[in-house]
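Reading the structure
Listed below, chain by chain, are the residues.
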Amino acid sequence: MRFKTIFTALLATLLVTSLAAPAAMAAPDFNENASAAQNPYIEADVTVENFDRETMSPGQYEDDSGEIATLPATVNQSQDVDDIATGTVNPYGFVATDVHFEDGAAFPHADENVSAVHNESRWTVDESGTAGSMTVADSSTAPGVEALEVSTSSQTSGDTATASFSDVSITSDAQKRYLQAMLDVNTLDSGATVEIRAVDADGDYVTTMVNASASASDDDVIATGTGEGYVIQEQVGALTTQGSGDGTMAEIQSIDVVVTDGNATVQLSALNADKTSEWSLGDKRVDTDDDDDFETETIRDVSEPGAVQVYDMDTLGSAFANAEIAGLEMPMHFRASDLESDEQEVNVSFAAAESYPSFEHRMEAYYRLELPSAYDVSYANAALKQDVTVPNSRYQTVEVSEGASDTEFSEISGWTSVLGSIASQGDTVTLDDTIQPGQEIGYHATVLVTGDEKSAVEQLGGVGQFESSGGGIWDMIISPFGAAAGVVSALLARVKGLI
């Protein structure tokens, strides 16, 4: 009797502890890699404004309270060489002239109080060769990115206007220096040419140019039209020496911006002529030899307008270690598996699949997905999608609810069936293409699964719990984390010692 009384008391204590302990009631989760798992996602092209490379990682942003937050999402990056053209192999995009980095405006490096980009008053204008006019002014290529704007008006064929920056004197290794510039070309007459020259004391110079009739593949050509984000970096000694001097670039005494034969407006966000190395804007993966393997190219010159695309933000050069990017773009998937293990966001349960002899269980999957709304984040092409992971005949219910408030899943109203969108196994289907930021999207699917598939969905190495109907009281005691089984053994050993 004593043994029975003691064991009954201890078992009662175990039952109460098992049912009440928070660990045993951990929030639901699921194994996203299981063959039958349902892992819907919102696909969207995401732009993060004011991306600070020093304090942020891709996928992070500054929320409206000024704190760094992380998007509940995964960058959609492919490791398949066949996907190079889709934008997912090199998923990170930014416009070079929308990047603020200290070295871009540090020229001339010998004088930290003067900047060719930031001190427009240091430039002098020579309009003696034109019937028109030229202006040099402070400007901006993006929020937080100061630039130098050079613009002409009323110029025609044969006219020439020059803006010169003379606060520079490079007398050694001139040919080893790189003539570097990042610029937007806002206007360009069809016959106009814009030159950026490095000039020596006796009238010799080397030049890079913007010209609509030039070949974009030539080393000295910056651009052949208007657009944003052009980058040129050419070694002085590799450019053809021109001008009225002795034919040798032994020094650099000024940087000139020359506009001829028409009108143009350019904005320079970075300018340099005294470095002996180039800026690295990051690496991109390519397949140049069609061998179905990736090769890597470092981006240094950009002769086509728009964003550069890199496969890893960590490949940007040291000059950009503290850079602030006004608009980092990346394709992202806001997946159910990216949600926190919160039963308000994720709820996966299993019940007996009665009347279906080929399947032991019916899986109920509820998720609540959302594109976070913030001033520093914007989205394009947002759509709710999912991969069809089992034959479509096994889907009994698939439904979504827009504007699903932060309530229990059972309290969500307005479910819309999208079962008809489920196609063949292996397909990716779109369930809703009207997703808006800040809108909570409810997802519910009922799927027939086998016992092995259920086990695979649950295999998370002891992390996460699943609701399940049936199984009896012993399942409730023993299953959570596998810990209760150990407690039972300990209690039995203790009881044995008492009798």
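How each quantity is defined
- Residues numbered from 1 in each chain as written.
- Predicted model: local features only at pLDDT ≥ 70, side-chain atom pairs only at ≥ 80, totals over all residues.
- Heavy atoms only, no water.
- Helix = DSSP H or I, 4+ residues; strand = E, 2+ residues; numbered from the N terminus.
- Contact = heavy atoms within 4.5 Å.
- Areas by Shrake-Rupley, 256 points an atom, 1.4 Å probe, with all protein chains shown as cover.
- Pairing = 2+ DSSP bridges.
- Axes fitted to C-alpha atoms, helices over the stretch in contact; angles between N-to-C directions.
- Buried < 20%, exposed > 50% of the residue type's maximum accessible area, 1.4 Å probe, protein only.
- Salt bridge = Lys/Arg side-chain N within 4 Å of Asp/Glu carboxyl O.
- Phe/Tyr/Trp six-rings, centres within 6.5 Å; stacked < 30°, edge-to-face > 60°.
- Lys NZ or Arg CZ within 6 Å of the ring centre and 35° of its normal.
- Patch = residues over 30% accessible without salt bridge, like charges linked within 9 Å, V, L, I, M, F, W, Y side chains within 5 Å.
- Lys, Arg positive; Asp, Glu negative; His and termini not counted.
- Charge placed at Lys NZ, Arg CZ, Asp CG, Glu CD.
- Polar contact = N/O pair within 3.5 Å; in protein donor to acceptor, adjacent residues only side chain to side chain.
- pLDDT = per-residue confidence, 0-100.

**What to know about the overall build of the protein**
Regarding its fold elements, the protein presents four helices and 32 strands. In the protein, once contacts between residues fewer than 6 apart in sequence are set aside, the share between residues at least 24 apart is 76%. When the accessible area of the protein is evaluated, it comes to approximately 22700 Å², of which 45% is carbon and sulfur surface.

**Quick look at the sheet that holds strand 19 (residues 264–275)**
Sheet strands line up and pair through hydrogen bonds in the backbone, either parallel or antiparallel. What the five strands build is an open sheet, ordered 9-10-19-12-16; its pairing is antiparallel. With partners counted over all chains shown, the strands left at the sheet margins are strand 9 (133–142) and strand 16 (227–235), one partner each. Adjacent strand axes in the sheet meet at a mean angle of 30 degrees, parallel and antiparallel pairs treated alike. Of the strand pairs in this sheet, strand 9 and strand 10 (residues 145–153) are connected by nine bridges, and their pairing is antiparallel. Opposite Asp 138, over in strand 10, you have Leu 148 as the bridge partner.

**Points about the pairing of strand 31 (residues 441–449)**
In terms of residue burial, strand 31 counts as a mostly covered element, since nine of its nine residues are buried. Side chains Ile 441, Tyr 443, Ala 445, Val 447 and Val 449 project from strand 31 onto one buried face, and the interleaved Gly 442, His 444, Thr 446 and Leu 448 project onto a second face that is buried too. Sheet topology places strand 26 (residues 361–369) next to strand 31; nine bridges connect them, and they run antiparallel. Residue Arg 362 lies in a different strand from strand 31, and its bridge partner there is Leu 448.

**Observations regarding the pattern of salt bridges**
Counted according to the given criterion, the structure contains 12 salt bridges. Lys 454 is paired through a salt bridge with Glu 458; the nearest N and O atoms lie 3.1 Å apart. Here Lys 454 pairs with Glu 458, and both are found in helix 2 (residues 451–458), just four residues apart, close to one helical turn. Through salt bridges that share partners, Glu 32, Arg 335 and Asp 338 make up one connected network.

**Side note on the sheet that holds strand 2 (residues 51–52)**
What the three strands build is an open sheet, ordered 2-23-7; its pairing is antiparallel. Two strands lie at the open edges of the sheet, namely strand 2 and strand 7 (99–100), each paired on one side alone. Two elements, strand 2 and strand 23 (residues 324–325), share two bridges in a ladder whose sense is antiparallel. Bridged to Phe 51 within strand 23 is Ile 325.

**Remarks on the environment of Ala 250**
Within the secondary structure, Ala 250 sits in the loop between strand 17 (242–243) and strand 18 (254–260). It is 7.0 Å that separates the C-alpha atoms of Ala 250 and Gln 175, two residues lying 75 residues apart in sequence. Beyond its immediate stretch of four places on either side in the chain, Ala 250 contacts Ile 170, Thr 171 and Ala 174.

**Here we look at the packing of aromatic side chains**
Two measures describe an aromatic ring pair: the distance that separates the ring centres and the angle between the ring planes. This structure, assessed with the given rule, holds nine aromatic pairs. Taking the centre distance of 5.3 Å and the plane angle of 40 degrees together, the rings of Phe 30 and Tyr 367 count as tilted. Of the two residues, Phe 30 is situated in the loop between helix 1 (2–20) and strand 1 (41–48) and Tyr 367 in strand 26; the sequence distance between them amounts to 337 residues. Judged by relative accessible area, which is 4%, Phe 30 ranks as buried. Owing to a relative accessible area of 1%, Tyr 367 belongs among the buried residues under this scheme. Put simply, the rings of Phe 30, Tyr 367 and Tyr 443 touch in pairs and so form one group of aromatic residues. A cation over a ring is seen here: Arg 285 above Tyr 311, with NZ or CZ 4.2 Å from the ring centre. When the ring centre of Phe 350 is taken as origin, the NZ or CZ atom of Lys 454, which lies over that ring, is 5.2 Å away.

**Things to note about a negative patch on the surface**
Residues Asp 80, Asp 82, Asp 289, Asp 290, Asp 291, Asp 292 and Asp 293 make up a contiguous surface patch of negative charge. Examined against the element boundaries, Asp 293 turns out to sit in the loop between strand 20 (283–286) and strand 21 (295–298).

**Description of the side chain of Asp 287**
Considering the arrangement of structural elements, one finds Asp 287 in the loop between strand 20 and strand 21. Within the buried set, Asp 287 has no salt-bridge partner at all; the shortest N-O distance to an opposite charge, 12 Å, is to Arg 285. A polar side-chain atom of Asp 287 sits 3.3 Å from the main-chain amide nitrogen of Asp 291.

**Considerations on the environment of Glu 278**
Inspection of the secondary structure puts Glu 278 in the loop between strand 19 and strand 20. Those residues in contact with Glu 278 that lie beyond four places of it in its chain are Tyr 178, Gln 180, Gln 233 and Arg 300.

**Here we look at unusual backbone geometry**
For the bond from Phe 107 to Pro 108, the omega torsion is 0 degrees, close enough to zero to count as cis. Inspection of the secondary structure assignment puts Pro 108 in the loop between strand 7 and strand 8 (123–129). The backbone of Ser 355 shows a phi angle near 70 degrees, a positive value even though the residue is not glycine. Mapped onto the secondary structure, Ser 355 falls in the loop between strand 25 (346–352) and strand 26. Judged by relative accessible area, which is 72%, Ser 355 ranks as exposed. Even without glycine at this site, Asn 381 takes up a positive phi of about 55 degrees. Mapped onto the elements, Asn 381 comes out in strand 27 (residues 377–387).

**What about the confidence of the model for the protein?**
Interpretation of the predicted coordinates at a detailed level should be avoided for regions scoring low in pLDDT. Scored by pLDDT, the protein comes out at a mean of 88, with 86% of its residues at no less than 70. Below pLDDT 50 for its whole length, residues 1–28 participates in 38 contacts with residues either more than four positions away or in separate chains. Segment residues 461–499: pLDDT under 50, and 54 contacts once partners within four positions in sequence are set aside and those in other chains are kept.

**As for the side chain of Gln 180**
With respect to the helices and strands, the residue Gln 180 is situated in strand 12 (residues 178–188). You can call Gln 180 buried: its relative accessible area is 0%. In terms of polar contacts, Gln 180 uses its side chain to reach the side chain of Gln 233, at 2.6 Å. A distance of 3.4 Å separates the side chain of Gln 180 from the backbone oxygen of Ser 277, its partner in a polar contact. Excluding residues within four positions of it along the chain, Gln 180 makes contact with Ile 232, Gln 233, Ala 270, Leu 271, Asn 272, Lys 275, Ser 277, Glu 278 and Trp 279.

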